[in-house]
Amino acid sequence: PLQDYISGSLDVLYYGPISIGTPSQALTVDIDTGSADLWVPSGCGNCHGRQFSSTSSSTYRLTNQDFSISYGTGQVSGKLARDVVSIAGFTVSDQAFGSVSTESSDFDNQPNDGLIGMAFGTIARSGQSTFFENLIKERKLAQPLFSVHLSRHQERGSSVCFGCVDSSRAAGPVTWLPVISKTYWAISMDNLWANGAETPAKLTAAIDTGTTLIYVPFAIAAAFYGLIPGSKRASQYGPGFWTVPCNSIKQIELSFSGRRFSIHPNDFILGRVSANSQDCVGGILAASTNLPSNLAIIGDEFLKSWYSTYDYGKGARVGFWPDVNN
């Protein structure tokens, strides 16, 4: 089970329970397919959530390796450690994780204690296999895949299915898309569509449960909003934002490997500029300049409409099923 952290009209992040140590200690972690490291706070003076007590675990081992990772917003640092880790009844007896002693203030108001990266271990800052990859190596799963259902504006009801597909979350047939780089869950992106008009977007798209919105390069964001009459730059919210007339959005779609997938309008529209305004803030943003110019990040705004499966088999692929949310 996952819990949806809701702030205003936004489903900000999704987090669930994890157990670490002997005897086990219960913490919570953000589920993030856009990174590949597990970390929890331990002996952290500026951390606000629950912390892992290393001295209370008889199986804890601290290494001499430094650990640090930076995200789109926020960074953490500490040391690499190893211990027993369990999630949803699955256990890895010698899992590497970051024992974090410093967090940036970006994490202060988040309800989760730590984070679990579910991308490929090839991009792990620790240089170690992920928790899920270790489950595969130890043959503990029925299938080498996991599936994610993200609820819309409901604290309860979201979930990760380890080694399985929960057919009660899928409202239609699956479309499988090949992974083009075993780093992120990266697939080929072709176009963005607004109300039947399209703009080309030849990008690598990282499917990222750990990101709230959708980010594309500036030129593509500008071309996309150019398809919507009345759209305007909205730098008061940040350099990557645009507004659109609230009643103008009928259908927003993304095209991956030639297949089109819609985004629910309620997820694309982030809210009105002001109470009586006819303009609303759009949910496709221009990425900051420190991201690669050919990369799109496809976050929860899209995934609430599509039950997603991340399969290490068949050469690695991502599956999208119409979600019961819709």
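See the structure printed just above.
Residues numbered from 1 in each chain as written. Predicted model: local features only at pLDDT ≥ 70, side-chain atom pairs only at ≥ 80, totals over all residues. Heavy atoms only, no water.

Chemist: What is the right way to read the overall build of the protein chain from this model?
Modeler: Scanning the protein chain for helices and strands turns up four helices and 25 strands. Along the first, second and third principal axes, the C-alpha set of the protein chain runs to 65 × 40 × 35 Å. A burial count over the protein chain gives 55% of its 326 residues as buried. Sequence separation of at least 24 residues holds for 65% of the intrachain contacts in the protein chain that already meet a minimum separation of 6. As displayed, the protein chain has an accessible area near 13500 Å², and 49% of this comes from carbon and sulfur atoms. Here the protein chain carries 22 positive and 26 negative side-chain charges, and the mean point of each set is 5 Å from the other. (Helix = DSSP H or I, 4+ residues; strand = E, 2+ residues; numbered from the N terminus. Buried < 20%, exposed > 50% of the residue type's maximum accessible area, 1.4 Å probe, protein only. Contact = heavy atoms within 4.5 Å. Areas by Shrake-Rupley, 256 points an atom, 1.4 Å probe, with all protein chains shown as cover. Lys, Arg positive; Asp, Glu negative; His and termini not counted. Charge placed at Lys NZ, Arg CZ, Asp CG, Glu CD.)

Chemist: Sorry, what's going on with unusual backbone geometry here?
Modeler: Glycine aside, the phi torsion of most residues is negative, and most peptide linkages are trans. A cis geometry characterises the amide bond from Thr-22 onward to Pro-23, with omega recorded as -5°. At Ala-88, a residue that is not glycine, the phi angle is positive and equals roughly 55°. If you trace the backbone, Ala-88 turns up in the loop between β6 (75–87) and β7 (90–103). In this structure, Lys-314 takes a positive phi of about 55° despite not being glycine. Residue position: Lys-314 is located in the loop between β24 (306–311) and β25 (317–322). For Lys-314, a relative accessible area of 70% gives the class exposed.

Chemist: Please clarify how the layout of surface pockets should be interpreted in this entry.
Modeler: In this approach, a probe sized like a water molecule rolls over the atoms, and the result shows the empty space that is left. When its volume is computed, the largest pocket comes out at roughly 1300 Å³. At the level of secondary structure, the elements contributing two or more residues to the lining of the largest pocket comprise β2 (10–20), β3 (25–32), β5 (61–70), β22 (284–286) and β23 (295–298). Looking at which element gives the most residues to the lining of the largest pocket, the answer is β2, with three residues. Class assignment of the residues belonging to the lining of the largest pocket gives a composition of 22 nonpolar, 13 polar and six charged. (1 Å grid on protein atoms, 1.4 Å probe; cavity = no way out; pocket = protein on both sides within 12 Å on 5 of 7 lines; lining within 4 Å. Points joined across faces, edges and corners; volume = space filled by probe spheres on them. Nonpolar A, V, L, I, M, F, W, Y, C, P; charged D, E, K, R; others polar.)

Chemist: Would you mind going over the sheet that holds strand β17 (residues 242–245) with me for this structure?
Modeler: Sheets are built from strands that pair by backbone hydrogen bonding, the pairs being arranged parallel or antiparallel. Reading across from one edge, β16-β17-β21-β20 is the order of the four strands in this open sheet, with antiparallel pairing throughout. Of all the strands in the sheet, the pair left with one neighbour each is β16 (232–233) and β20 (269–272). Relative to strand β21 (residues 279–282), β20 runs antiparallel, the two sharing three bridges. When the sheet's bridge partners are listed, Arg-272 is paired in β21 with Cys-280. This element, helix α2 (residues 218–226), spans β16, β17 and β21 of the sheet and lies at about 15° to β17. (Pairing = 2+ DSSP bridges. Axes fitted to C-alpha atoms, helices over the stretch in contact; angles between N-to-C directions.)

Chemist: I keep staring at the pairing of β3 and nothing clicks. Help me out?
Modeler: On a regular strand, each side chain points to the face opposite its neighbour's, so the side chains alternate between the two faces of the sheet. Most of β3 is tucked away: seven of the eight residues are buried. With six bridges connecting them, β2 and β3 associate as antiparallel partners. Along β3, the bridge assignment pairs Pro-17 with Thr-28. The antiparallel pairing of β2 with β3 creates a hairpin that spans four residues between the two strands, and Gly-21 there sits at a positive phi of about 95°. Across four bridges, the pairing between β3 and strand β8 (residues 114–117) is parallel.

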